[in-house]
Amino acid sequence: MLQVLACGAVVFPGLFVAFRRILPCFFKNWTDADVVLVSERLVSSIHALMATAAGIVVVSACRDNVIYDRHWLTTYFIIWYGVPYMTYDIFAMYLSHYYRYHVKGHEDYKQHSLRTVNSFIRKEFLLVLHHIALLTILLPVTLFFRKDMGDFFIGCLFLTELSTPFVSMGKILIQLSLQDCWLHKANGGMVLFTFFMCRIALFPYMYWMYGRHYGIPLYSVPFHLPLSTNLGNSCILAPQVYWFVLLCRKGYRLYRRSRGAPSPVATAPAADAGKDD
């Protein structure tokens, strides 16, 4: 019974509902869109911290033999928290999208409908595709098709969530009108650093660890791996690079604005580049 209550299918929706009830008590001027956005970000941060902690445990336990060492937390976390969270987060992102336009009085957003769902999918297509790909491709592969090998690399993938709390903190600071304080600037630096290290540089590191295990140089590792593995890693890495470029552009605009100089990309559309997985 306790295990069922502690699983992600209960924890994450439960936290989301709790935050939606608690936040209006402290921030009475917030709209429904504000409350849903911050609630979603807080739950994302909690999941990210859990995933990061699980990744540290798994990586530390399996670093001696990155191919064959096992740790029970790898599969346990995916089943009990990874799958439920990804499913919940699609719904939470939709609610955030819906209320963002609902409070502005958009005609199509007076109530939930297929039109609002289609609008959400079109606007957040890359994020929705990212979540669905994780649920339908990556998670089944990690559970059933890796022949009980490579827990170390799954732990590394857990570590990609380390940047999420900083991304969420940036959104929350803006919501609190603290975007001009030093904390927002310091947090922006941490966003770029953790995003680059844990979502981009992590992949060459995993290839290097694989090469070290087999005694081959880093540049030979892609030719030592199956084509499907390289393609899978490329599909995971590509959106991370795209989001990182958007984050850098946004950071550059903020830097130019803080220096009082007109930004050459000031007219570029704003991008919600950090919401991840």
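Definitions and cut-offs
Residues numbered from 1 in each chain as written. Predicted model: local features only at pLDDT ≥ 70, side-chain atom pairs only at ≥ 80, totals over all residues. Heavy atoms only, no water. Helix = DSSP H or I, 4+ residues; strand = E, 2+ residues; numbered from the N terminus. Buried < 20%, exposed > 50% of the residue type's maximum accessible area, 1.4 Å probe, protein only. Contact = heavy atoms within 4.5 Å. UniProt positions renumbered as here; feature names shortened; annotations may be inferred. Arc of directions from axis to C-beta. pLDDT = per-residue confidence, 0-100.

- Looking up the protein chain in an unreviewed UniProt entry gives the name TLC domain containing 3A, with the organism given as Oryzias latipes.

1. Concerning the environment of Cys-7
- Positionally, Cys-7 belongs in the loop between helix 1 (2–6) and helix 2 (8–26).
- Cys-7 sits in the buried class, given a relative accessible area of 10%.
- Apart from residues lying up to four places away in sequence, Cys-7 is in contact with Trp-80 and Tyr-81.

2. Concerning the UniProt feature "transmembrane region" (unreviewed entry) in the protein chain
- Residues given the UniProt feature "transmembrane region" (unreviewed entry) here are residues 44–62, 125–146, 152–174, 186–210 and 230–248.
- Structurally, residues 44–62 is divided into 100% helix and 0% strand, and its ends, taken at the C-alpha atoms, are 26 Å apart.
- Note that residues 152–174 is 78% helix and 0% strand, and that its end C-alpha atoms are spaced 37 Å apart.

3. Focus: helix 5 (residues 114–123)
- Inspection of helix 5 places Thr-116, Ser-119 and Phe-120 among the buried residues, and these make up the whole buried set. The buried side chains of helix 5 occupy one side of the element, clustering within an arc of 100° when seen end-on. With respect to the buried face of helix 5, the exposed residues turned more than 90 degrees away are Leu-114, Arg-115 and Arg-122.
- Tucked inside the fold, the buried residues of helix 5 contact helix 4 (72–102) and helix 6 (125–144).

4. Some words on the confidence of the model for the protein chain
- Residue-level pLDDT values for the protein chain average 88, and 91% of them are 70 or greater.
- Overall, residues 263–274 carries pLDDT values under 50, and its contacts beyond four positions in sequence, including any with other chains, amount to 20 contacts.

5. A closer look at the UniProt feature "domain: TLC" (unreviewed entry) in the protein chain
- Mapped onto the present numbering, the UniProt feature "domain: TLC" (unreviewed entry) falls on residues 33–256.
- Taken as a whole, residues 33–256 contains 79% helix and 0% strand, while its terminal C-alpha atoms sit 29 Å from one another.

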